[in-house]
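Now for the letters of each chain:
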Amino acid sequence: MDLLPTSQSVVLTGYHLNDDSTNGVVNSMKEETELSSPSRRCGQYTMNQMHSKGTMEKPQYERSCSQDSLDELSMDDYWSEVEHIQKTQENDQEEQEEVAVKVPDEGELEAEWLKDAGLSGLVSGDTQESIALLSTLTRTQSKAVQRRVEMFTMTMKKKNKQHVPDVRDIFSPQASTTNEASAAATEENEREDTTEKVEGQLVNLATKDEGIQHTADINLEISYSEQAANMKEKSSNIKPKGEDDASLPNYRLPKDKTGTTKAGGLAAQDMKKVRSLALIEMTALFDTLGVDFKHHKAIKVKIREMGLFGVPLSLLLEQDHKKVPGTKVPLIFQKLISHIEEEGLNTEGILRIPGLASRIKSLCEELEAKFYEGTLNWENVRQHDAASILKLFVRELPHPLVTLEYLDAFLAVQNLSSRKLQLQALNLLVLLLPDQNRDTLKALLEFLQRLIDNRESNKMTLNNVSVVMAPNLFMCKGYCSKSSAKTQFAMAAGTSNIMRYLIKYQDLLWTIPKFIMNQVRQQNIENHKKLSKEKAMKKLLKKMAYDKDKHDRNQTEKSLTDSVTLQGVIRVQAPSLSKVSMAIQLTEELKAGDILARFQQCFSQNRIPESANKEKVCLYEIGGNIGERCLDDDTYMKDLYQLNPNAEWVIKPRCQ
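Worth saying up front: this structure is predicted, and the values here are computed from it rather than measured.

Participant: An account of the overall build of the protein is requested, with residue identities and associated values reported.
Facilitator: When helices and strands are counted, the protein shows 26 helices and 12 strands. A total of 656 residues make up the protein; the buried ones form 48% of that total. Taking all contacts inside the protein whose residues are at least 6 apart in sequence as the whole, residues at least 24 apart take part in 83%.

And the structure:
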């Protein structure tokens with residue numbers, strides 16, 4: 001396959017910046033820092049620095065909402081990390097396989113979007129399979145879908161009306177350039193029109209977030225795009241002031257009596273619905289705010305299929321499952337984190353101070369050969385080396401951890417006008433990630449938070465960790481390799497701020513909003529109705545004799561009588577504890593955690609499996625209008641029973 005970039009394609013690969021523009025930015029930043037103020041590291045670590053013969057002045061640029069919150073940060077750690085990444089890759093003789101991304105043809109982008117949104121029936125013409133999803137959409141979500149359907153339909157009509165062109169016309173550079181320019185102009189006009197329409201409706205929430213640290217609520221019950229569309233005050237240009245770690249507000253998750261649902265706490269079929277709804281909602285939110293992003297698709301190319309570094313997460317986990325069945329985070333990733341923590345998180349400059357490049361390369365080769373055999377002597381692996389290898393693992397993934405498809409959307413978050421909108425968009429993007437990416441990202445962020453918890457001794461605050469990790473997570477060659485120094489400064493501040501939000505607000509970002517959960521339940525109800533009609537038709541065609549039918553009616557009446565008798569009582573099963581279910585009387589204050597405690601107390605005299613520990617088991621809601629859902633301990637059971645009266649209740653090991 002020819003992977004050379006053409007006018008119809010762009011090439012992206014792992015985590016470089018353009019040497020000329022970036023080195024100039026790095027060097028100008030570093031020289032300015034050296035001349036203007038002493039390094040805050042105060043000699044705590046020494047790093048080989050590359051000085052160019054000529055330097056460039058720090059460019060002036062317009063600040064985004066994200067950048068203003070980083071004004072008081074010293075960004076020298078960011079550029080030092082970029083420089084270290086570049087130097088490491090220059091010393092690596094092995095060529096990295098490139099990932100080609102094809103620019104979508106007309107109509108292809110909309111068709112791909114509809115497919116990912118679970119609405120492929122609108123493309124094929126079979127709308128019946130999309131009815132259940134469409135019936136749950138909000139006003140803004142419906143507009144987003146309608147816009148993509150109209151664009152797809154117009155493109156298809158245009159293509160069908162055209163005569164079959166001569167092959168020379170197809171490959172005519174002039175014709176191609178004209179079509180691309182026309183399409184770009186149309187897209188720009190539409191974007192400007194959208195911005196003008198919503199400008200008067202958006203309120204600037206930034207002013208509410210200024211000043212000292214405070215606690216704020218975030219609404220998970222109403223669609224984010226509906227909230228944005230209903231804002232009546234005109235947005236202003238006031239941005240949040242510079243913030244340190246302590247001044248970032250704490251967003252409080254609203255207490256929902258039916259329980260909070262976390263990503264990973266649902267069955268696969270329901271998580272698939274969540275992803276479809278999250279994509280539609282995110283697109284609707286961006287449409288409402290007039291923010292554009294591109295949905296990339298990587299062309300499959302030759303990649304490493306064995307080993308530890310530069311291997312796709314899916315293939316790496318397949319290898320790991322042979323050692324530890326069911327593991328959701330790569331074993332090498334887990335081991336690196338545990339080794340760093342075993343050495344203690346009090347060491348100053350963890351993550352910031354790089355290990356010696358030659359030693360890191362040697363350790364990686366040794367890990368490739370000995371890790372699965374278990375023969376590597378981890379006592380010889382220094383803590384800073386393990387931290388450097390952890391960062392290398394993240395940036396050497398063939399595709400970014402936040403995925404190539406949504407990398408542009410993650411970067412576009414910094415262009416949203418308020419912190420709350422940025423968090424809402426990040427929440428949806430986290431839900432869109434594949435399971436293995438989201439689980440690995442979660443493990444990384446939890447580790448980073450534990451590191452920050454020891455900031456008094458290791459001197460690694462939220463800001464410090466964010467500027468060091470941002471280039472490892474977000475930089476991708478081809479994405480900004482031809483961008484100006486001004487754009488790269490903006491990306492540095494923006495991605496560092498996004499990294500801060502991912503770490504600090506991870507509990508919020510991994511929560512499935514209630515409005516999406518309600519839509520999932522509505523979809524399941526609609527699907528059940530459809531299945532019930534089909535079953536009723538089959539039953540009608542196979543109608544049995546009168547006496548058998550009468551017997552069935554008697555059984556149904558008996559079942560209804562039993563149901564009335566047991567009203568207000570649920571039966572909870574715990575296969576790992578007992579073969580007999582337990583009847584639980586529902587009260588206004590009964591919570592899921594109370595049921596777990598009752599079961600453990602009831603069977604405390606018996607031999608309880610290790611998996612029955614409260615931290616490792618969960619009460620699950622199964623069936624009815626949900627597939628399977630792990631309940632948090634604060635779920636009020638009576639309220640949930642009223643929402644889903646046909647569910648079964650089972651205590652079993654928590655899905656890890």
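Participant: How would you summarise the state of the cysteines if you had to cite specific residues and measurements?
Facilitator: Under the definition given, this model contains one disulfide. A disulfide bridge connects C618 with C630, and the sulfur atoms are separated by 2.1 Å. Between C618 and C630 the disulfide shows an S-S torsion of about 120°. By sign, it is right-handed. Of this pair, C618 sits in strand 10 (residues 617-623) while C630 sits in strand 11 (residues 626-630), placing them 12 residues apart in sequence.

Participant: Outline the pattern of salt bridges, listing residues and values.
Facilitator: Pairing of side chains with opposite charge becomes possible as their charged atoms draw close. By the definition in use, this model includes 21 salt bridges. Two residues, D217 and R252, come together in a salt bridge whose shortest N-O distance is 2.7 Å. With D217 in strand 3 (residues 215-217) and R252 in strand 4 (residues 250-252), the pair connects residues that are 35 residues apart, well separated along the chain. Classification of R252 as partly exposed rests on a relative accessible area of 44%. Three or more residues joined by partner-sharing salt bridges are found here, namely R147, R148 and D287.

Participant: Pulling in residues and values, what's your account of helix 25 (residues 592-602)?
Facilitator: For helix 25, every residue scored as buried is listed here: A592, G593, I595, L596 and F599. In a view along the axis of helix 25, the buried residues occupy a sector of 160°, so they form one face of it.

Participant: So what's going on with the confidence of the model for the protein? Residues and values would help.
Facilitator: When pLDDT is averaged along the protein, the result is 75; 65% of the residues meet or exceed 70. Here residues 1-69 is modelled with pLDDT under 50, and outside its nearest four sequence neighbours on either side it reaches 169 contacts, counting other chains as well. Counted against residues more than four places away or in other chains, residues 557-565, with its pLDDT under 50, gives zero contacts.

Participant: Describe the packing of helix 11 (residues 268-289) against helix 17 (residues 419-432), naming the residues involved and giving the relevant values.
Facilitator: Close contact between helix 11 and helix 17 brings their axes to 8 Å; oriented N to C, the two are set at 150°. The angle between the axes of helix 11 and helix 17 places the two elements in the roughly antiparallel class. Judged by the twist between their axes, the crossing of helix 11 over helix 17 is left-handed. Each of V274, R275, A278, L279, E281, M282, L285, F286 and L289 in helix 11 lies in contact with helix 17, whose residues at this interface are L421, A425, L428, L429, L431 and L432.

Participant: Any chance you could break down the side chain of T258 for me, citing the residues and the numbers?
Facilitator: Considering the arrangement of structural elements, one finds T258 in the loop between strand 4 and strand 5 (261-262). A polar atom in the side chain of T258 sits 2.9 Å from the side chain of D256. Excluding residues that lie within four positions of it along the chain, T258 makes contacts with K514, R629, T635, D639, L640 and L643.

Participant: Residues and numbers for the packing of aromatic side chains, please.
Facilitator: Applying the stated criterion across every chain yields a total of seven aromatic pairs. Arranged with centres 5.4 Å apart and planes meeting at 45°, the rings of F333 and F393 form a pair that is tilted. You can see F333 sitting in helix 13 (residues 331-342) and its partner F393 sitting in helix 15 (residues 383-395), a full 60 residues away along the chain. For the pair shown, F333 and F393 are each scored as buried. An aromatic cluster is present here, built from Y251, Y501 and Y505 joined pairwise through their rings.

Participant: For the pairing of strand 8 (residues 569-573), give the residues involved together with the corresponding values.
Facilitator: A regular strand carries its side chains on alternate faces of the sheet. Of the two faces of strand 8, the one lined by I570 and V572 is fully buried and the one lined by V569, R571 and Q573 carries no buried residue. Here two bridges tie strand 8 to strand 12 (residues 648-653), and the two strands are oriented parallel to one another. If you follow Q573 over to strand 12, its bridge partner there is V650.

Participant: For helix 13, give the residues involved together with the corresponding values.
Facilitator: For helix 13, with 12 residues, the first-to-last C-alpha span of 16 Å sits near the 16 Å given by 1.5 Å per residue. Turning to helix 13, its buried residues are L331, I332, F333, L336, I337, H339 and I340. On the buried face of helix 13, the contacting elements are helix 12 (313-323), helix 14 (357-370), helix 15 and helix 18 (435-453). Just beyond helix 13, the residue with positive phi is G344, at close to 100°.

Participant: Give me the sheet that holds strand 11: which residues, what numbers.
Facilitator: Spatially, 9-8-12-10-11 is the arrangement adopted by the five strands of the open sheet, whose pairing is mixed. Looking at strand neighbours, the two that pair on one side only are strand 9 (582-585) and strand 11, the edges of this open sheet. Here the average twist between neighbouring strands, direction ignored, is 30°. One ladder, built from six bridges, connects strand 10 with strand 12; its direction is antiparallel. Each residue of the ladder has a partner; that of Y620, found in strand 12, is V650.

Participant: I'd love a proper account of the packing of helix 13 against helix 15, names of residues and values included.
Facilitator: One way to put it is that helix 13 packs onto helix 15 with a least axis distance of 9 Å and a crossing angle of 150°. Classified by the angle between their axes, helix 13 and helix 15 sit roughly antiparallel to one another. Remark: the crossing between helix 13 and helix 15 carries left-handed chirality. Contacts from I332, F333, L336, I337, H339 and I340 in helix 13 reach Q383, A386, A387, I389, L390, F393 and V394 in helix 15. Its residues placed into classes, the contact of helix 13 with helix 15 shows 11 nonpolar, two polar and no charged.

Participant: How would you sum up unusual backbone geometry? Please name residues and give values.
Facilitator: Even without a glycine there, the phi angle at L351 is positive, about 80°. The topology assignment puts L351 in the loop between helix 13 and helix 14. Note on L351: relative accessible area 1%, which makes it buried.

Participant: Just give me the short version of the pairing of strand 11, but keep the residues and values in it.
Facilitator: Extensive coverage of strand 11 is indicated by the burial of five of its five residues. With four bridges connecting them, strand 10 and strand 11 associate as antiparallel partners. Note on strand 11: the bridge partner recorded for Y620 is C630. Between the antiparallel neighbours strand 10 and strand 11 lie two residues, among them G624 with a positive phi of about 75°.

Basis of the calculations
- Residues numbered from 1 in each chain as written.
- Predicted model: local features only at pLDDT ≥ 70, side-chain atom pairs only at ≥ 80, totals over all residues.
- Heavy atoms only, no water.
- Helix = DSSP H or I, 4+ residues; strand = E, 2+ residues; numbered from the N terminus.
- Buried < 20%, exposed > 50% of the residue type's maximum accessible area, 1.4 Å probe, protein only.
- Contact = heavy atoms within 4.5 Å.
- Disulfide = S-S within 2.5 Å.
- Salt bridge = Lys/Arg side-chain N within 4 Å of Asp/Glu carboxyl O.
- Arc of directions from axis to C-beta.
- pLDDT = per-residue confidence, 0-100.
- Axes fitted to C-alpha atoms, helices over the stretch in contact; angles between N-to-C directions.
- Parallel < 35°, antiparallel > 145°, perpendicular 65-115°, else oblique.
- Left-handed = near helix turned anticlockwise from the far one by under 90°.
- Polar contact = N/O pair within 3.5 Å; in protein donor to acceptor, adjacent residues only side chain to side chain.
- Phe/Tyr/Trp six-rings, centres within 6.5 Å; stacked < 30°, edge-to-face > 60°.
- Pairing = 2+ DSSP bridges.
- Expected span 1.5 Å × (residues − 1).
- Nonpolar A, V, L, I, M, F, W, Y, C, P; charged D, E, K, R; others polar.

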